[in-house]
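Structural overview
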Amino acid sequence: MELSVMDRINLILSDPEKATMTLAQIVSEEIREFKKSEQYQIILEAESYYRNRSSVQKKTVDVANRSNAKIERPILKKLVDQKANYLLSKPWTVDTESGEYGEALNKVFDQTFRRKIKSLGKGAVKSGIAWIQPYFDDAGELAFMRVPSTEVVPLWRDSERTKLDAFIRFYDQIIYVGTRKHTITHAEFWWTGGVRYFKTDAFGGTGAGDFYVDKEHGTEENDWTEPHFTVAGKPYNWEEVPIAWLKYNEEELPLCYFIKDLIDDINWQNSVTADVLRDVAKFIYILKNYGGTDLAEFLKDLKEHMAIKVTSDGGVDKLQADLNIDAVMAFLDNERRDIYDFAAGVDTKDPELGNASGSAINFRYMDLDADCDSLGTELKDTFHRLKLFIDVYFQITGQGDFTNEDFDIVFNMDLPVNETDIINNARTSDGLISKRTILQNHPWVTDVDEELAQLDSEKKAAMAEFGEGLFDDTLGAGNVPQTAQKGEEGAAGKAGGLNDTCLLYTSPSPRDRQKS
């Protein structure tokens with residue numbers, strides 16, 4: 001009978017004596033296969049390119065004393081950081097109908113968590129998929145840990161890779177045995193029933209040998225299994241596998257996968273051009289019947305005496321090297337444009353961008369905005385995977401049961417905009433949409449709840465000073481029906497929206513002062 005990986009694991013967990021493999025053997029095999037997989041190699045390659053180490057490092061020359069420049073340009077780093085900053089550099093806001101739930105969520109979503117979410121976004125673009133794991137720290141508080149993509153072996157439940165049955169995390173640790181330094185590899189198998197720990201032999205080397213049960217965790221009575229977390233001495237397991245993920249795309253491919261060849265070509269062309277400029281002589285000498293013994297003597301005479309010896313019919317001519325650098329620069333500029341085009345990025349060095357109008361800027365940012373909007377949609381799914389763990393934390397700590405509540409995340413993308421137009425649009429929308437929605441999209445507001453509280457505080461203060469009539473309408477100005485001044489019926493009344501309590505004072509002009 002053919003069994004899936006999870007079927008084998010369930011058989012081991014339920015009846016170890018009938019299983020053909022131990023859990024340690026399955027963990028060892030899964031890690032070995034993962035490290036041999038194409039996805040693992042792609043992740044490592046993308047990490048190398050992000051750290052500005054591309055294939056140009058393999059460049060060699062066959063001629064001695066020739067230049068061998070290896071010029072790297074951090075193109076991938078700029079593009080990855082641009083996407084992460086565009087989506088997550090500005091504070092995102094939590095939107096929920098329950099004020100109590102929103103307040104509790106904002107306590108969890110502190111600056112440390114927000115930095116990790118930005119790191120998660122960058123990791124997804126850089127590696128294709130990024131992971132974040134919830135846990136309880138020593139103080140009993142819910143915390144989150146970014147787990148590198150090269151350390152997680154997911155065991156997916158479905159072919160669409162949207163649900164997890166379990167996952168394996170493995171990582172290296174440096175230890176000392178006596179005076180010798182060794183590397184051992186730890187592995188953790190997480191499933192809904194808890195977590196089991198394994199490790200390799202300290203003398204086997206990194207990734208070498210099979211894993212065996214780490215008996216420093218758990219006891220023999222519970223089959224060396226530990227709970228997901230412990231609070232006040234009481235063990236708990238989550239209902240789902242305690243990890244969440246963010247995918248850059250459905251295929252889990254990093255940005256580097258799509259532009260690697262262009263980055264390589266730019267770095268190689270720059271390096272080869274630098275070699276030519278370094279090695280080419282300003283003049284090429286043509287010797288006829290040279291009277292010396294070798295070329296070294298010729299160069300020595302030319303340098304020291306500014307003269308050379310020739311025979312009766314000899315002579316020296318020279319050629320000047322003609323380098324067409326403009327063609328190379330035009331080619332590199334075209335490839336640079338291709339990179340930003342295929343990477344859905346914005347070339348901020350484009351000279352035409354600085355003078356672009358608002359509509360033109362929106363057009364230039366259209367691809368970046370669409371790519372980051374897609375990433376933002378995936379990130380909202382990540383937040384909802386984390387909701388289970390956050391809600392359990394609230395229940396355990398007595399902050400309330402919010403399992404039936406929902407929340408949304410509103411991202412404030414860092415698009416260069418005309419703030420005046422946005423503010424005017426917000427004012428025009430007053431009365432058509434809620435004040436919360438307006439404030440969420442206002443360029444000066446970073447915390448909607450804090451802004452609403454401040455508005456309420458100012459309203460109460462104004463009511464205490466001027467009376468309730470000041471806030472009879474939605475805009476905060478008492479737009480009461482007005483009567484004509486001194487005039488006939490239908491004559492114009494006072495100018496717009498201000499009651500008699502609010503006065504405008506305009507200092508007199510110099511001409512008016514002279515008249516008075």
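Note: the structure precedes this text.
A brief structural summary. (Residues numbered from 1 in each chain as written. Predicted model: local features only at pLDDT ≥ 70, side-chain atom pairs only at ≥ 80, totals over all residues. Heavy atoms only, no water.)

**Concerning the pattern of salt bridges**
To keep it simple, the criterion reads: Should a side-chain nitrogen of Lys or Arg be within 4 Å of a carboxyl oxygen of Asp or Glu, the pair is scored as a salt bridge. Helix numbering and strand numbering both begin at the N terminus, where a helix is a DSSP run of H or I of at least 4 residues and a strand a DSSP run of E of at least 2. Residue exposure (1.4 Å probe, protein chains only): buried if accessible area is under 20% of the type maximum, exposed if over 50%, otherwise partly exposed.
Using the criterion set out here, one finds 22 salt bridges in the structure. Notably, a salt bridge pairs R157 with D165, separated by 2.9 Å at the nearest N-O pair. Linking K387 and D391 is a salt bridge whose minimum nitrogen-to-oxygen distance equals 2.5 Å. Here the residue K387 and the residue D391 both occupy positions in helix α11 (residues 366-396), the gap between them amounting to four residues, near one helical turn. Its relative accessible area of 10% is what places K387 among the buried residues. Within this structure, E29, R32 and D210 form a network of salt bridges that share partners.

**What to know about the pairing of strand β5 (residues 164-177)**
Let me state the cut-off plainly: Strand pairing is assigned whenever DSSP identifies at least 2 bridges connecting the two strands.
Two strands pair when backbone bridges link them, and strand β4 (residues 152-156) and β5 are joined in this way by five bridges, in the antiparallel orientation. Considered in β5, the bridge of W156 is made with L164. Note that β5 and strand β6 (residues 180-191) share twelve bridges and pair antiparallel. Among the inter-strand pairings, R169 is bridged to a residue of β6, identified as E188.

**With respect to the side chain of N267**
Looking at where N267 falls in the secondary structure, it is placed in helix α7 (residues 256-279). Its relative accessible area of 0% is what places N267 among the buried residues.

**Some points on the nonpolar core**
What counts, and what does not: Among the buried residues, those of types Ala, Val, Leu, Ile, Met, Phe, Trp, Tyr and Cys that are joined through side-chain atoms within 4.5 Å form a nonpolar core. Residue contacts are defined here by distance: any two heavy atoms, one from each residue, within 4.5 Å place the two residues in contact.
Judged by nonpolar contacts, the single largest core of 60 residues is most densely connected at L76, W92, F109, L255, F383, I390 and F394. It is α11 that contributes the most residues to this core, ten residues altogether. Non-local contacts of L255, meaning those with residues more than four positions away in its chain, are made with L76, L79, V80, K83, V125, Y248 and A343. Grouped together as the second largest cluster of nonpolar side chains are 20 residues, L23, L155, A166 and F170 included.

**Structural notes on the sheet that holds strand β2 (residues 129-136)**
Threshold: Think of each axis as a best-fit line through the C-alpha atoms, taken over the contacting stretch in the case of a helix, with angles from 0 to 180 degrees between the N-to-C directions.
Pairing is antiparallel across the open sheet formed by three strands, whose spatial order is β3-β2-β12. Two strands close off the open sheet at either side, each with one partner strand: β3 (142-147) and β12 (244-247). Neighbour to neighbour, the strand axes of the sheet diverge by 25° on average, direction disregarded. Of the pairings in the sheet, the one linking β2 to β12 comprises four bridges and is antiparallel in character. The residue of β12 that forms the bridge with I129 is K247. Across the face of the sheet, α11 comes into contact with β2, β3 and β12 while running at roughly 175° to β12.

**Focus: the environment of T93**
Turning to its location among the elements, T93 is positioned in strand β1 (residues 93-95). When its relative accessible area of 8% is taken as the criterion, T93 is described as buried. Remark: the alpha-carbon pair of T93 and I409, spanning 316 residues in sequence, is separated by 5.8 Å.

**Things to note about the packing of aromatic side chains**
Threshold: Aromatic pairs are defined between Phe, Tyr and Trp rings, using the six-membered ring for Trp, whenever the two ring centres lie within 6.5 Å; interplanar angles under 30 degrees are classed as stacked, those over 60 as edge-to-face, and all others as tilted. The criterion is that NZ of a Lys, or CZ of an Arg, lies within 6 Å of the ring centre and within 35 degrees of the ring normal, and then a charge sits over that ring.
Under the definition given, this model contains 28 aromatic pairs. Ring centres of W156 and W245 lie 5.1 Å apart, and the angle between their planes is 90°; this geometry places the pair in the edge-to-face category. Of this pair, W156 sits in strand β4 while W245 is found in strand β12, placing the two residues 89 residues apart along the sequence. Both residues of the pair, W156 and W245, belong to the buried class. Summarising the aromatic geometry, the rings of F394 and F402 are spaced 5.7 Å apart at their centres and angled 85° between planes, so their arrangement reads as edge-to-face. By relative accessible area, which is 0% here, F394 ends up buried. We note R114 situated over the ring of W92; from NZ or CZ to the ring centre the distance is 3.9 Å. Across from the ring centre of W156, 5.0 Å away, lies the NZ or CZ of K247, which sits over that ring.

These figures come from the coordinates and say nothing about function on their own.
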